[in-house]
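# Observations on the three-dimensional arrangement
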Amino acid sequence: MQPLIDHARRFGRHPEDFAAHAAGQSPAVLFVTCSDSRVVPALITGARPGQLFELRTAGNIVPPYGTGTPTGEAATIEYAVEVLGVEDVVVCGHSHCGAVGSLVRGDDLSTVPAVRDWLAHAAPDGAPGRADDPAVTDAVHGHILAQLLRLRSYPCVERRLADGRLRLRGWYYEVHTGAVLEYRSGTDSFEAL
């Protein structure tokens, strides 16, 4: 923790570098990704402050819209699309994902009931894939596509897609290589950016 504290102390020593941020934000991208500490959106994309609006959830799960109880995830998506007017939404899954891996393996999550209940939102069919693949590549690919489909059920997303003001993108980040792949509908596969 101490190196993080030391960096934070040095970080704000030049307030003039940050003054423009007080005027507001206008990110072009909502970046939905996992809470995993190995996934760092600004590092992956090279984004500077104000360029990405981030939504981080365990397993980069987009919960179903309209479940009766508002969620922070739904509010973040709606705000990004309606208020900030983002032009792209990236759902970025990653290799070696613990959440998707636990679904593939059928892990007993009874000792972590909040995690178990959250992962129930992953997809109706869970995450089919090979339990012997530590990267859970195929399962994560399918999971990313399921979350993109789930996003389409949000009315604000549906409207912006229909009028051409929004694009959805599925990315797969390999934590062990740093490579980023994007889903291409034309080939129905994930390919290098």
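Residues numbered from 1 in each chain as written. Predicted model: local features only at pLDDT ≥ 70, side-chain atom pairs only at ≥ 80, totals over all residues. Heavy atoms only, no water.

Turning our attention to the pairing of strand E5 (residues 180-184). Across three bridges, the pairing between strand E4 (residues 167-173) and E5 is antiparallel. Across the sheet, residue Tyr173 finds its bridge partner in E5, namely Val180. The hairpin turn running from E4 into E5, its antiparallel successor, is six residues long, and Gly178 in that turn takes a positive phi close to 85 degrees. Relative to strand E6 (residues 189-192), E5 runs antiparallel, the two being bridged by four bridges. (Pairing = 2+ DSSP bridges. Helix = DSSP H or I, 4+ residues; strand = E, 2+ residues; numbered from the N terminus.)

Bringing the sheet that holds strand E3 (residues 88-94) into the picture now. Sheet architecture is open: six strands sit in the order E2-E1-E3-E4-E5-E6, paired in mixed fashion. The open sheet has two free edges, formed respectively by strand E2 (52-57) and E6, since each of these has just one partner strand. Averaged over neighbouring strand pairs, the angle between their axes works out to 30 degrees when direction is ignored. Looking at chain direction, E3 and E4 are connected through seven bridges and run parallel. Its bridge partner being in E4, Val91 is matched across the sheet by Gly170. (Axes fitted to C-alpha atoms, helices over the stretch in contact; angles between N-to-C directions.)

On to helix H4 (residues 98-105), then. All of the buried residues along H4 are Ala99, Val100, Gly101, Ser102 and Val104. Buried-residue contacts for H4 involve helix H5 (113-119) and helix H6 (137-151). Just beyond H4, the residue with positive phi is Gly106, at close to 70 degrees. (Buried < 20%, exposed > 50% of the residue type's maximum accessible area, 1.4 Å probe, protein only. Contact = heavy atoms within 4.5 Å.)

All told, the structure shown has 11 salt bridges when counted by the stated rule. Among the salt bridges present, the one from Arg9 reaches Asp6, with a minimum N-O distance of 3.6 Å. Note that Arg9 and Asp6 are positioned in helix H1 (residues 2-11) at a spacing of three residues, about one turn of the helix. A relative accessible area of 57% places Arg9 in the exposed class. In this structure, the salt-bridge partner of Asp36 is Arg38, at a minimum N-O distance of 2.7 Å. Taking the relative accessible area as the measure of exposure, Arg38 reaches 40% and is therefore partly exposed. Through salt bridges with shared partners, a single network forms among Asp88, Arg167, Arg169, Glu182 and Arg184. (Salt bridge = Lys/Arg side-chain N within 4 Å of Asp/Glu carboxyl O.)

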